[in-house]
Amino acid sequence: GAVVSQHPSRVICKSGTSVKIECRSLDFQATTMFWYRQFPKQSLMLMATSNEGSKATYEQGVEKDKFLINHASLTLSTLTVTSAHPEDSSFYICSARGRTGRIDSYEQYFGPGTRLTVT
Amino acid sequence: QKEVEQNSGPLSVPEGAIASLNCTYSDRGSQSFFWYRQYSGKSPELIMFIYSNGDKEDGRFTAQLNKASQYVSLLIRDSQPSDSATYLCAVLNFGNEKLTFGTGTRLTIIP
């Protein structure tokens, strides 16, 4: 099956600092990667969609200057939380999708998530 | 009205019984439907997807789709304690290629 990794799995940072989270597709080329955020006892909320080599598309209400996304290659996307604040503490999950032309290629495979705590 | 609705539960089912999880969606343009399982503190893992009306079986899991009623369900046969998790229904609209998730149903299998 498709494997997606995320690094780090857990990070604690001080308010005002920046944190970078990496998302990698290990055994397939991800034409599209998605970044989600999940607060406790809530569902996943899509933050942005990124396609390799182009700018990310952000969902309404998500600050693109605060959450910088770079999809530099078909296997790597990064999310940088700039000037993090305690309210940014959350579970950040990436997912990746490869495009094979088949209808089931719309499956998204999730990374293990990164738990960010901002103190 | 939420785009994807699920009963939050908790749903308790005896071990060995059939667990039935339901999901309704509001966008008639939705074309593909996914069930994910999420253990506490972990990310979702894909169980199965369905895009045609009717039933689709995979092992102990059966997804059912009724587009006319905008309803999708997941049946888990011979429930095991390891099936205890939150089950997320997700709906894909090919137009914007985004998955919209329900809030999930928390399932507990009672030994």
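Caption draft 1: Layout of the state of the cysteines. A full pass over the atoms with the stated rule returns 2 disulfides over all chains. Note on cysteine connectivity: Cys23(A) is disulfide-linked to Cys94(A), with sulfurs 2.0 Å apart. Its torsion about the S-S bond being 80 degrees, the disulfide of Cys23(A) and Cys94(A) is classed as right-handed. With a gap of 71 residues between them, Cys23(A) in strand S3 (residues 19-25) and Cys94(A) in strand S9 (residues 90-97) connect regions that are remote in the sequence. Neither residue differs from the other here; Cys23(A) and Cys94(A) are each classed as buried. One disulfide in the model links Cys23(B) with Cys89(B); its S-S distance is 2.1 Å. Its torsion about the S-S bond being -70 degrees, the disulfide of Cys23(B) and Cys89(B) is classed as left-handed. Of this pair, Cys23(B) sits in strand S3 (residues 19-25) while Cys89(B) sits in strand S9 (residues 85-93), and the two are 66 residues apart along the sequence. Per residue, the accessibility class of Cys23(B) equals that of Cys89(B), and both read buried. The structure places no disulfide on Cys13(A), whose sulfur is separated from the nearest cysteine sulfur, that of Cys94(A), by 18 Å.

Caption draft 2: Spotlight on the environment of Gly61(A). Residues and elements named next belong to chain A. Counting through the fold element by element, Gly61 comes out in the loop between strand S6 (57-58) and strand S7 (67-73). Its relative accessible area of 73% is what places Gly61 among the exposed residues. With 37 residues separating them in the primary sequence, Gly61 and Arg24 have C-alpha atoms 26 Å apart.

Caption draft 3: Just the packing of aromatic side chains, in detail. Using the criterion set out here, one finds 12 aromatic pairs over all chains in the structure. Ring centres of Phe110(A) and Tyr36(B) lie 5.1 Å apart, and the angle between their planes is 90 degrees; this geometry places the pair in the edge-to-face category. Of this pair, Phe110(A) sits in strand S10 (residues 109-110) while Tyr36(B) sits in strand S4 (residues 32-38), which puts the two residues in different chains. Judged by relative accessible area, Phe110(A) falls into the buried class, the value being 10%. Every member of this aromatic cluster is reached through a ring pair, and the members are Phe34(A), Tyr36(A), Phe110(A), Phe34(B), Tyr36(B), Phe49(B), Tyr51(B) and Phe101(B).

Caption draft 4: Representation of the interface of chain B and chain A in the model. Taken together, the contact between chain B and chain A spans 19 residues of the former and 22 residues of the latter. Carbon and sulfur atoms supply 61% of the area that chain B and chain A bury against each other, a total of about 1,700 Å² over both sides. In this structure, Lys98(B) and Glu59(A) form a salt bridge, with 2.6 Å as the shortest nitrogen-oxygen distance. The interface formed by chain B and chain A contains 5 residue pairs in polar contact (both at pLDDT 80 or more). Within the residue set of the side of chain B that touches chain A, elements represented by two or more residues are S4, strand S5 (45-50), S9 and strand S10 (98-101) of chain B. Of the residues belonging to the side of chain B that touches chain A, the class tally is 11 nonpolar, 5 polar and 3 charged.

Reading the values: rules and limits
- Residues numbered from 1 in each chain as written.
- Chains lettered and ligands numbered in written order.
- Predicted model: local features only at pLDDT ≥ 70, side-chain atom pairs only at ≥ 80, totals over all residues.
- Heavy atoms only, no water.
- Disulfide = S-S within 2.5 Å.
- Helix = DSSP H or I, 4+ residues; strand = E, 2+ residues; numbered from the N terminus.
- Buried < 20%, exposed > 50% of the residue type's maximum accessible area, 1.4 Å probe, protein only.
- Phe/Tyr/Trp six-rings, centres within 6.5 Å; stacked < 30°, edge-to-face > 60°.
- Contact = heavy atoms within 4.5 Å.
- Buried area = accessible area lost by both parts, 1.4 Å probe.
- Salt bridge = Lys/Arg side-chain N within 4 Å of Asp/Glu carboxyl O.
- Polar contact = N/O pair within 3.5 Å; in protein donor to acceptor, adjacent residues only side chain to side chain.
- Nonpolar A, V, L, I, M, F, W, Y, C, P; charged D, E, K, R; others polar.

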